[in-house]
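The primary structure of each chain is shown beneath.
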Amino acid sequence: MAGLHGSTLADYLAILRRRKLIVLLPLVVVPVVALLVSAAQSPLHEAHAQVLLNRQSLANTLAGTTDPTVFQDAERVVQTQAKLAEVPAIADRTVAAVREAELTSDELLDASSVQPEPNVDLLEFSVRHEDPQLASRLATTYAREYTRYRTEVETRALVDARQDVQARIRELQDAGASGGPLLDDLLAKEQQLLTLETLQGGNATLVRAAGQAEQLQPRPLRNVALGIVLGLGLGLLLAFLAEALDTRVRSVDEVVDQLGLTLLGRLPPPGRELRAPQILVERDSPAAEAFRMLRTNLEFANLDVRAKTILITSAIEGEGKSTTAANLAAAFAIAGKSVVLVDLDLRRPSVHRFFGLQRTAGVTDVALGQASIEEALSRTGVAGLRVLQAGSTPPNPGEFVATQALREVLEEVAEHAELVLVDCSPLLQVGDAMTLSSAVDAVLVLTRLRSVNRQTLADLRRALEQLRAAVLGLVVTDVKEGVGYGNYGADRPRKRGLRAPWFQSAEQPAPTPVQTRSERQTRVRSL
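Cut-offs and rules
- Residues numbered from 1 in each chain as written.
- Predicted model: local features only at pLDDT ≥ 70, side-chain atom pairs only at ≥ 80, totals over all residues.
- Heavy atoms only, no water.
- Pairing = 2+ DSSP bridges.
- Helix = DSSP H or I, 4+ residues; strand = E, 2+ residues; numbered from the N terminus.
- Axes fitted to C-alpha atoms, helices over the stretch in contact; angles between N-to-C directions.
- Buried < 20%, exposed > 50% of the residue type's maximum accessible area, 1.4 Å probe, protein only.
- Parallel < 35°, antiparallel > 145°, perpendicular 65-115°, else oblique.
- Left-handed = near helix turned anticlockwise from the far one by under 90°.
- Nonpolar A, V, L, I, M, F, W, Y, C, P; charged D, E, K, R; others polar.
- Core = buried A, V, L, I, M, F, W, Y, C linked by side-chain atoms within 4.5 Å.
- Salt bridge = Lys/Arg side-chain N within 4 Å of Asp/Glu carboxyl O.
- Patch = residues over 30% accessible without salt bridge, like charges linked within 9 Å, V, L, I, M, F, W, Y side chains within 5 Å.
- Areas by Shrake-Rupley, 256 points an atom, 1.4 Å probe, with all protein chains shown as cover.
- Lys, Arg positive; Asp, Glu negative; His and termini not counted.
- Charge placed at Lys NZ, Arg CZ, Asp CG, Glu CD.
- Phe/Tyr/Trp six-rings, centres within 6.5 Å; stacked < 30°, edge-to-face > 60°.
- pLDDT = per-residue confidence, 0-100.
- Contact = heavy atoms within 4.5 Å.
- Expected span 1.5 Å × (residues − 1).

Let's talk about the sheet that holds strand β13 (residues 470–477)
Part 1 of the reasoning: Taken in spatial order, the eight strands of this open sheet run β6-β13-β12-β7-β11-β8-β10-β9, and their pairing is mixed. Of all the strands in the sheet, just β6 (263–266) and β9 (377–379) have a single pairing partner and so form its edges. Neighbour to neighbour, the strand axes of the sheet diverge by 25° on average, direction disregarded.
Part 2 of the reasoning: The pairing of strand β7 (residues 309–314) with strand β11 (residues 419–424) spans four bridges and is classified as parallel. Bridge pairing in β11 places Ile310 opposite Leu421.

Some points on the pairing of strand β3 (residues 122–129)
Part 1 of the reasoning: Among the eight residues in β3, six count as buried, and that is most of the element.
Part 2 of the reasoning: Taken together, the eight bridges between strand β1 (residues 44–53) and β3 define a ladder with antiparallel strand orientation. When the bridges of β3 are listed, Ala49 appears paired with Phe125.
Part 3 of the reasoning: Where strand β2 (residues 112–116) folds back on β3, the antiparallel hairpin that results is connected by five residues, among which Asn119 adopts a positive phi of roughly 65°.

Remarks on the packing of helix α2 (residues 20–40) against helix α9 (residues 220–245)
Part 1 of the reasoning: Running from N to C, α2 and α9 point in directions that differ by 155°, and their axes come no closer than 7 Å. Comparing their axes, α9 and α2 come out roughly antiparallel. Seen from above, α2 lies across α9 with right-handed handedness.
Part 2 of the reasoning: The residue makeup of the contact of α2 with α9, split by class, is 18 nonpolar, five polar and no charged.

Section: the nonpolar core
Part 1 of the reasoning: Counting 47 residues, the largest nonpolar core has Val342, Leu344 and Leu388 as its most contacted members.
Part 2 of the reasoning: In this structure, Phe291, Ala326, Ala333 and Leu472 belong to the second largest nonpolar core, which totals 35 residues.

Some details on the pattern of salt bridges
Part 1 of the reasoning: All chains considered together, the criterion is met by 17 salt bridges.
Part 2 of the reasoning: We note a salt bridge from Arg19 to Glu243, for which the minimum N-O separation is 3.1 Å. A residue pair is termed long-range when its members are at least 10 positions apart, and Arg19 in the loop between α1 (9–18) and α2 and Glu243 in helix α9 qualify at 224 residues. The exposure classification of Arg19 matches that of Glu243, with both residues buried.
Part 3 of the reasoning: The partner of Asp246 in a salt bridge is Arg19, with the nearest N and O atoms 2.8 Å apart.

Observations concerning a negative patch on the surface
Part 1 of the reasoning: A cluster of like negative charges, contributed by Glu374, Glu375, Glu408, Glu411, Glu412 and Glu415, occupies part of the molecular surface.
Part 2 of the reasoning: Only α16 (373–376) and α18 (404–414) provide two or more residues apiece to the negative patch.
Part 3 of the reasoning: No other element matches α18, which puts three residues into the negative patch.
Part 4 of the reasoning: Here Glu374 shows up in helix α16.

Here's the deal with the packing of aromatic side chains
Part 1 of the reasoning: For the coordinates displayed, the defined rule picks out three aromatic pairs.
Part 2 of the reasoning: When the ring of Phe125 is compared with that of Tyr142, the centres are 5.2 Å apart and the planes differ by 75°; the resulting orientation is edge-to-face. One end of the pair, Phe125, is in strand β3; the other, Tyr142, is in helix α7 (residues 132–174), with 17 residues separating them in the sequence. Note on accessibility: Phe125 and Tyr142 belong to one class, buried.

What to know about the confidence of the model for the chain
Part 1 of the reasoning: On average, residues of the chain score 83 in pLDDT, and 82% of them are at 70 or above.
Part 2 of the reasoning: The secondary structure element of the chain with the lowest average pLDDT is helix α21 (residues 517–526), at 41, and the one with the highest is strand β8 (residues 339–344), at 97.
Part 3 of the reasoning: Across residues 1–5 the pLDDT falls below 50, and counting only partners more than four positions away or on other chains, this stretch makes 10 contacts in the model.

Details of helix α13 (residues 321–334)
Part 1 of the reasoning: For α13, with 14 residues, the first-to-last C-alpha span of 20 Å sits near the 20 Å given by 1.5 Å per residue.
Part 2 of the reasoning: Among the 14 residues that make up α13, 13 are buried, leaving the element largely enclosed by the rest of the structure.
Part 3 of the reasoning: Where α13 terminates, the next one or two residues include Gly336, which has phi positive at roughly 110°.

Focus on the packing of helix α12 (residues 286–301) against α13
Part 1 of the reasoning: It is at 9 Å that the axes of α12 and α13 come closest, and there the two elements cross at 75°. Relative to α13, α12 is oriented roughly perpendicular. Here Phe291, Leu294, Arg295, Leu298 and Glu299 of α12 come into contact with α13, specifically with Thr323, Thr324, Asn327, Leu328, Ala331 and Phe332.
Part 2 of the reasoning: Considering only residue class, the contact of α12 with α13 consists of six nonpolar, three polar and two charged.

Some thoughts on unusual backbone geometry
Part 1 of the reasoning: The omega torsion of the bond from Gln217 to Pro218 falls at -10°, within 30 degrees of zero and hence cis.
Part 2 of the reasoning: Considering the arrangement of structural elements, one finds Pro218 in the loop between β5 (214–217) and α9.
Part 3 of the reasoning: Even without glycine at this site, Glu102 takes up a positive phi of about 55°.
Part 4 of the reasoning: Although it is not a glycine, Arg306 adopts a positive phi angle of roughly 55°.
Part 5 of the reasoning: Structurally, the position occupied by Arg306 is in the loop between α12 and β7.

Some remarks on the environment of Leu328
Part 1 of the reasoning: For Leu328, the location among the structural elements is in helix α13.
Part 2 of the reasoning: For Leu328, a relative accessible area of 0% puts it in the buried group.
Part 3 of the reasoning: C-alpha separation for the pair Leu328 and Val339, spaced 11 residues apart in sequence, amounts to 10.0 Å.
Part 4 of the reasoning: Beyond its immediate sequence surroundings of up to four residues, Leu328 is in contact with Phe291, Leu294, Arg295, Leu298, Ile312, Leu421 and Leu444.

Here it is as structure tokens:
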């Protein structure tokens, strides 16, 4: 894909099919890791208790004074109380009250948290412990000790004042006073301070003791579920990232759009029948039918150009150029044309292997005058098809293809056949094809799907624009989709019980026997 712009659902599904291993690997590994981590975790439970904070001071109301906290920000007051709950003194009292937990005050503070509830005057005390019952007791005790500690802090001044009054009363009583205005006044102040102390201590109240503690770990089902979600997300991310980094071209449409050429044929991947050099068009197979369709499309593309000498090239090596040239030449010959296949891939000649030929004199020998065209043309097992091999390898193939002698050889070869197909070296790797484009009538370009990248296509398009011959079209090889839809019209065994079509006569004559290949070729030549 060129990118995600304009992509359809089918494009995304195609990416997932191509990258299914990348998607499946995290989808399996992450949940398994989550399960192993859960199995290795020690039990841990958490309990919660709540304390209500009362900002209305009854003591100040009774005394007729103003509470300074009334004008403070409510959120700040609650945050202050949350910090107050974390002082070590409260933790010391809590662990002393619940000795079975075997915790220190620091361990309790590390295993607990005090958080204000949003928009309400509530503090939530949370304590984690491996024992669920101890977690509940610790949370409740922690909250209760906080309320007591806050009461002590807020009533400390009243307690000190009451203790001073009590000391003064004892001094008067020790002096023998049993009444009098001074003693009565001190006794009244003592009672008033005791009342204020009692009222002042109600600003923090435990409103919900900790219930049953919830289990924090291990939670294998939750962890596996999260692992599946995380693994799927990670797999999809990696799949699309790999697709974005992969510059290979994966669709025929993208190749056509990049090159701006007419698509003439789609050839199947090199399966077993294409691994060794072979001629396939004489068989009944999807690959053979693909070459026949290419021959037909090429004839239509050549109606206006009327090219007699066609150069076959590709962007880089390994794209099926020689295989296509040999089979296309055989397809034209079987259709009744007189064809000469010229091997001008002087660096790696291979056409002779498709027809089981021994290396003999070829193009270079004819150009040097060491052999004639008639002597150099090799007959093949396909009637009407001859091969002009590469011949002796010249010291500099790039200079040889630019010689006038080679042009004269190609012109003379064209006099011996109705169609000349020239197998040449890749266009982007050496300059032979660019040079030969001025010596031929047209060019046929091949590219292999999933082996070329977008940059290669861009370079190929620039090179095609510099060719001196007309480009008839494009052939894409290694295409799995849209090639070989089955052997239409092939004989199939008739199922039992099926009747003949209604339009068949019962006295219909027997069908004409199938002609042999030699009979077909003789009939074509006679036409």
